[in-house]
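The lines below spell out each chain.
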Amino acid sequence: MVAKREPDISSSYRFVDTGRWGTPFAAAAWAAPPLLFGIRLWAAVCLALYVAFWLELDTAFWAGTTAALVCQPSLGASLRKGWFRMIGTFIGAVAIVALTALFPQNRAGFLLSLALWGGLCSLIATLLRNFAAYAAALAGFTAAIIAGDELGAVGGVNGQAFTLAIDRVSEIWIGIVCAGIVLAGTDFGGARRRLARHLAELAGDIATRFTSTLRRGRPEPSAQTVRRELIRKVIATDSVIDEVKGESSTLRYHSPVLQQAVHAMFTVLAAWRTIDARLRRVSASSGAHEALHVLRNIPTELREALEANEPSSWSSDPARMRGLCRAAIHALAGMPSRTITLRLLADQTAAVITGFAQILDGLALLAGDIAQEHTSDRGLKLHVADWLPPLVNAGRTFVTIVAVQIFWIWTQWPNGAFAITFAAITVILLSPRADESYAAAIKFTTGATIAALAAAIALFAGLPAMDSFVGFAIVLGLFLIPAGAMIAQPWNTPVFVAIVANFIPMIGPANQMSYDTIKFYNSALAIVAGCAAGALSFRLIPPISPQLRSQRLLALSLRDLRRLAADPDRRQVPWEGRLYSRIVALPDGADPRQRAVLVTSLTVGESMVALQQIAPQLGFAGEFEAALKHFRSGTCSAMMTQLEATERGLAGNDDPAAMRARGHLLAIRDALSDHRAYFETGA
C-alpha cells in the first residue's frame, strides 16, 4: 500500500463558507468550530495531566501528550484513534519487554532489535490503512519511548523494562481515556450523517450522469474525466467509514455493508465505462434507439429518481428504493434482445442498478436498518497492492534508527535516547505518506522548532508565576487553544500537529516542576534533532516515485488477470479485492488514464470469470481457452480475433445465456481495443 490520503469529505464540515458575507458575524461563524475544538483539546490535556499528577506518575507529560494527539475534529475519528492507540501502545510495550528479556546484557543486539522492530512496524503501517496503520506506527514508537527511558548514557539497558512499560502504558491510556471523556461529553458526532449525505450525493451524481448517457444514446465528451473524478471521491469515502466505526459499535459490527457499498461504486463505474465503449462503436441512430429502449425498461419511478439527482430520494427511504432496484434488475434480465449490443446494454445497466442496490444497503444501515445485511464476512482481509513501498519504508526506518543510535553512542549525548524516540516517531508516522513524506517531515520539524520556542516562553516566563493547577492550565491554554484551532484548518496541518505534540514533552509537566534551563535546552534539542533526522531520512532514502508506483500497480494488476486466465480456480481467490486496493493505492499524481485502465481491468476480469463458468455449458470452452492463451501471452490482436470467431459461433443461438455470453465477449473485445497497449505490455 502507499500514501494514506486525507479525504476532503471528512474535513469539509469544519468550515463555514462565509466569504460572501463580509460581516463580523460571518467571521465568528467561521472561527467558532475550530476554536471550540481547540478548547476541547486543551481541556483533554488538562484533565489527563491532572489525573497523572494525582496518581503521582513519573512522566505525566506522556498522558497530556497522548490526550492532545488523540483529539481530532471529528468525534468518531478521535474515539477510533484512541482505541487503536491503546492497541498499538500495548503491543509496543509487550515487544520492548520481550526484546529486553532476549538481550539483557547485549547492547548491540538490543539496539539492532529495536531498529528491526521499528522497521517492521513501519512496514505494517504502510500495508494497513487509516487508524489501523496508526496502531502499527504506535507499536513502533511506543517501544522507542520505553527504550529511551530504559537505556543508559551509552545504550546499556537498566533492567527496568517491565516497570517502565507499565508506567508508560498507564500514562498513555490515561490520556486516551481523558480525551475520550472530554470529546464524548462535548461532541455528539456527525460522521454517520456526513457519510450518508456523501453516499447519497455521490450515488445521485453517478445515477444522473449514467441515465443521461442512456437517454442521449452516446457518451458525453467529458465522461472519462467525470468518471476519474468520481473515482477520487469514492476512494475518499474509506476514511469516513473508519470515523463512523468509531462513533457506533453497531455500525462497526456491520461495517462490511459500508465497504461493500464503496466497492459497488467501482463496479457501477466499470459497467458505465463498458456501456460508453459500446456506444462509441455503434452507429448513432441504432445506439440511441437501443440505449433508450433499455432506459424505458427501468420502472418509471426508479428512472425518475435516478435522473433527478436528488440526494434526498436516496437517503429518505432507501428500503423502498431497493425494492425498485430489484424490480428493475428483474425487468432488464428478462428483456428480449434483438441484438448483442442491446443485450450488453441491458446486462451492464442491470449491473449498475445492482451496484446502486448495494449502495442503498449502506444507506439503509446508516438510517438504522440492520435487518438487511447481505454479508457475514467480517474478517480482516489484507489486500497488498504492492510490497515494494512497504519494504522501502521498513528499510528507511531501520537505517534511520541505527544511524541515530550510532551518533548517540559516539557522542555520549545525555539526551540521545530522546532523539532516537522522536526520530522513530517521525520516520514511522510519516512513511505511509509516500511522496508527501518529506514535505510533511519538514513541516513536522518546523512545528517542533516553534514548539520549543513556545515551551521556553511558557516554562520560564509564564509558569514560574503560577502556584496552582488552574494557573498552570491557563498558561497551557494560551498556547494549546490557538494551536488546536489551527489543526482544525486545512492549512499546514502537520506544523500545528507538531506544535501540539511536542509542546507538552518540552515543558515536562510534573508535580515538582523543574526550571533548569540546561535540561530544557537539551531535551528540546533532542526532540528537534530527532525530527530533523527523520526528515533527512526521506531525502537520503526517498520514497518510490509516483510514476514507478503507478507502473508497478498496473503491471501487478495485469499479472493477476493473466493468472486468472490461466487458472479458472483462481476466481475463488479475492482478485477483485486486490484490484480495488490498487485503484485506491494509485498516487494522486498518476496519469488519469491509468485509473481508467484499472477500472477497465475490473470489467475484463468479471467477464472472464463469467465466461469461464458458462463456456462448458454452451460448448465453447475450447475456443475460449484458446483466446485466454493469447491473453496470457500478451497478443491482444490474436485474442480479439479468437473472441470474434467464438461470438460468431454463438450467433445462431438465441438462448438468453448465449446472448449474455456474447455480451461478455463483446465487452472484453471493446476493453482490449481501448487499452491494447496496456493488456499487451502492462504499461
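Note that the coordinates shown come from a computational prediction; the quantities given were computed from them, not determined experimentally.

1. Structural notes on the overall build of the protein chain
Line of reasoning, step 1. Within the protein chain, the secondary structure is distributed over 28 helices and zero strands.
Line of reasoning, step 2. When each of the 683 residues of the protein chain is scored for burial, the buried share is 57%.
Line of reasoning, step 3. Residue pairs in contact within the protein chain that sit at least 24 positions apart in sequence constitute 79% of those at least 6 positions apart.
Line of reasoning, step 4. Here the protein chain has roughly 27,300 Å² of accessible surface; of this, 61% comes from carbon and sulfur atoms.

2. Concerning the side chain of Thr65
Line of reasoning, step 1. Looking at the element boundaries, Thr65 is found in helix H2 (residues 61-70).
Line of reasoning, step 2. Of note is the side chain of Thr65, whose polar atom sits 2.8 Å from the backbone oxygen of Phe61.
Line of reasoning, step 3. Beyond its immediate chain neighbours, meaning those up to four positions away, Thr65 contacts Ala501, Ile504 and Pro505.

3. Focus: a nonpolar patch on the surface
Line of reasoning, step 1. The grouping of Ile87, Phe90, Ile91, Val94 and Trp173 at the surface amounts to a nonpolar patch, some 450 Å² of accessible area in total.
Line of reasoning, step 2. With four residues, helix H3 (residues 75-102) is the single largest residue contributor to the nonpolar patch.

4. With respect to the pattern of salt bridges
Line of reasoning, step 1. The final tally for this structure, using the stated rule, is 21 salt bridges.
Line of reasoning, step 2. Between Arg280 and Asp674 there is a salt bridge; the shortest N-O distance is 2.9 Å. On the criterion of sequence distance, the pair formed by Arg280 in helix H10 (residues 255-281) and Asp674 in helix H27 (residues 656-674) is long-range, its members being 394 residues apart.
Line of reasoning, step 3. Classification of Arg280 by relative accessible area gives partly exposed; the value is 41%.
Line of reasoning, step 4. The salt bridge partner of Asp560 is Arg578, with a shortest N-O separation of 3.0 Å. Pair noted here: Asp560 is in helix H22 (residues 546-566) and Arg578 is in helix H23 (residues 575-585), with a separation of 18 residues, a long-range link.

5. What to know about the environment of Thr449
Line of reasoning, step 1. In this fold, Thr449 is placed in helix H18 (residues 437-462).
Line of reasoning, step 2. Put simply, Thr449 and Ile499 are 50 residues apart on the chain and 8.1 Å apart in space, counted from C-alpha to C-alpha.

6. A word on the packing of aromatic side chains
Line of reasoning, step 1. Within this structure, the stated rule accounts for 15 aromatic pairs.
Line of reasoning, step 2. When the ring of Phe620 is compared with that of Phe624, the centres are 6.4 Å apart and the planes differ by 80 degrees; the resulting orientation is edge-to-face. Of the two residues, Phe620 and Phe624, both sit in the buried class.
Line of reasoning, step 3. One aromatic cluster is present, built from ring pairs that chain together Tyr50, Phe53, Phe469 and Phe472.
Line of reasoning, step 4. The side chain of Arg539 reaches across the aromatic face of Tyr438, ending 4.1 Å from its centre.

7. Concerning the confidence of the model for the protein chain
Detailed reading of the predicted coordinates is not advisable wherever pLDDT is low.
Line of reasoning, step 1. Predicted confidence across the protein chain gives a mean pLDDT of 81, with 89% of residues reaching 70 or more.
Line of reasoning, step 2. Helix H16 (residues 388-411) holds the highest mean pLDDT among the elements of the protein chain, 92, whereas helix H9 (residues 249-253) holds the lowest, 71.
Line of reasoning, step 3. Segment residues 1-21 is flagged for pLDDT under 50; beyond a separation of four residues in sequence, or across chains, it makes 57 contacts in the model.

8. A look at the nonpolar core
Line of reasoning, step 1. Core analysis: the largest hydrophobic core is formed by 106 residues, its most contacted members being Phe266, Trp314, Phe356 and Met608.
Line of reasoning, step 2. Sort the elements by how many residues they give to this core and helix H15 (residues 340-366) lands first, with 15 residues.
Line of reasoning, step 3. When residues no more than four places from it in sequence are discounted, the contact partners of Trp314 are Ala200, Ala203, Gly204, Ala207, Ala305, Leu306, Met321, Phe356, Leu360 and Leu363.
Line of reasoning, step 4. Within the second largest apolar cluster, 105 residues are counted, among which are Phe37, Leu111, Ala115 and Ala458.

9. Describing helix H17 (residues 416-430)
Line of reasoning, step 1. Helix length check: H17, at 15 residues, gives a terminal C-alpha distance of 21 Å against a target of 21 Å (1.5 Å per residue), a fit within 8%.
Line of reasoning, step 2. Burial analysis of H17 places 14 of its 15 residues in the buried class, which makes it a mostly covered element.

10. Quick look at the side chain of Asp347
Line of reasoning, step 1. Structurally, the position occupied by Asp347 is in helix H15.
Line of reasoning, step 2. The buried category is assigned to Asp347, whose relative accessible area is 18%.
Line of reasoning, step 3. Side-chain polar atoms of Asp347 contact the side chain of Arg660, separated by 3.4 Å.

11. What to know about the packing of helix H5 (residues 130-150) against helix H6 (residues 161-186)
Line of reasoning, step 1. Two elements in contact, H5 and H6, have axes separated by 10 Å at closest approach and are oriented at 130 degrees. The angle between the axes of H5 and H6 places the two elements in the oblique class. The handedness of the crossing between H5 and H6 comes out as right-handed. The segment H5 lies against H6, with Ile145, Ile146, Asp149 and Glu150 engaging Ala161, Leu164, Ala165 and Arg168.
Line of reasoning, step 2. Here the contact of H5 with H6 is built from residues that sort into five nonpolar, no polar and three charged.

12. Side note on H2
Line of reasoning, step 1. Most of H2 is tucked away, with 10 of its 10 residues classed as buried.
Line of reasoning, step 2. Within H2 the residues assigned to the buried category are Phe61, Trp62, Ala63, Gly64, Thr65, Thr66, Ala67, Ala68, Leu69 and Val70.

13. Focus on the environment of Met486
Line of reasoning, step 1. Among the secondary structure elements, Met486 is positioned in helix H19 (residues 469-487).
Line of reasoning, step 2. In the structure, Met486 is positioned 448 residues away from Gly38 in sequence and 7.9 Å away in space, judged by C-alpha atoms.
Line of reasoning, step 3. Beyond its immediate chain neighbours, meaning those up to four positions away, Met486 contacts Trp491 and Phe496.

14. So, unusual backbone geometry
Line of reasoning, step 1. Not every positive phi belongs to a glycine, and Glu56 is a case in point at roughly 55 degrees.
Line of reasoning, step 2. In this structure, Glu56 sits in the loop between helix H1 (24-54) and H2.
Line of reasoning, step 3. We note that Ala434 has phi near 55 degrees; this positive angle belongs to a residue other than glycine.
Line of reasoning, step 4. On the secondary structure map, Ala434 appears in the loop between H17 and H18.

Conventions used here
Residues numbered from 1 in each chain as written. Predicted model: local features only at pLDDT ≥ 70, side-chain atom pairs only at ≥ 80, totals over all residues. Heavy atoms only, no water. Helix = DSSP H or I, 4+ residues; strand = E, 2+ residues; numbered from the N terminus. Buried < 20%, exposed > 50% of the residue type's maximum accessible area, 1.4 Å probe, protein only. Contact = heavy atoms within 4.5 Å. Areas by Shrake-Rupley, 256 points an atom, 1.4 Å probe, with all protein chains shown as cover. Polar contact = N/O pair within 3.5 Å; in protein donor to acceptor, adjacent residues only side chain to side chain. Patch = residues over 30% accessible without salt bridge, like charges linked within 9 Å, V, L, I, M, F, W, Y side chains within 5 Å. Salt bridge = Lys/Arg side-chain N within 4 Å of Asp/Glu carboxyl O. Phe/Tyr/Trp six-rings, centres within 6.5 Å; stacked < 30°, edge-to-face > 60°. Lys NZ or Arg CZ within 6 Å of the ring centre and 35° of its normal. pLDDT = per-residue confidence, 0-100. Core = buried A, V, L, I, M, F, W, Y, C linked by side-chain atoms within 4.5 Å. Expected span 1.5 Å × (residues − 1). Axes fitted to C-alpha atoms, helices over the stretch in contact; angles between N-to-C directions. Parallel < 35°, antiparallel > 145°, perpendicular 65-115°, else oblique. Left-handed = near helix turned anticlockwise from the far one by under 90°. Nonpolar A, V, L, I, M, F, W, Y, C, P; charged D, E, K, R; others polar.

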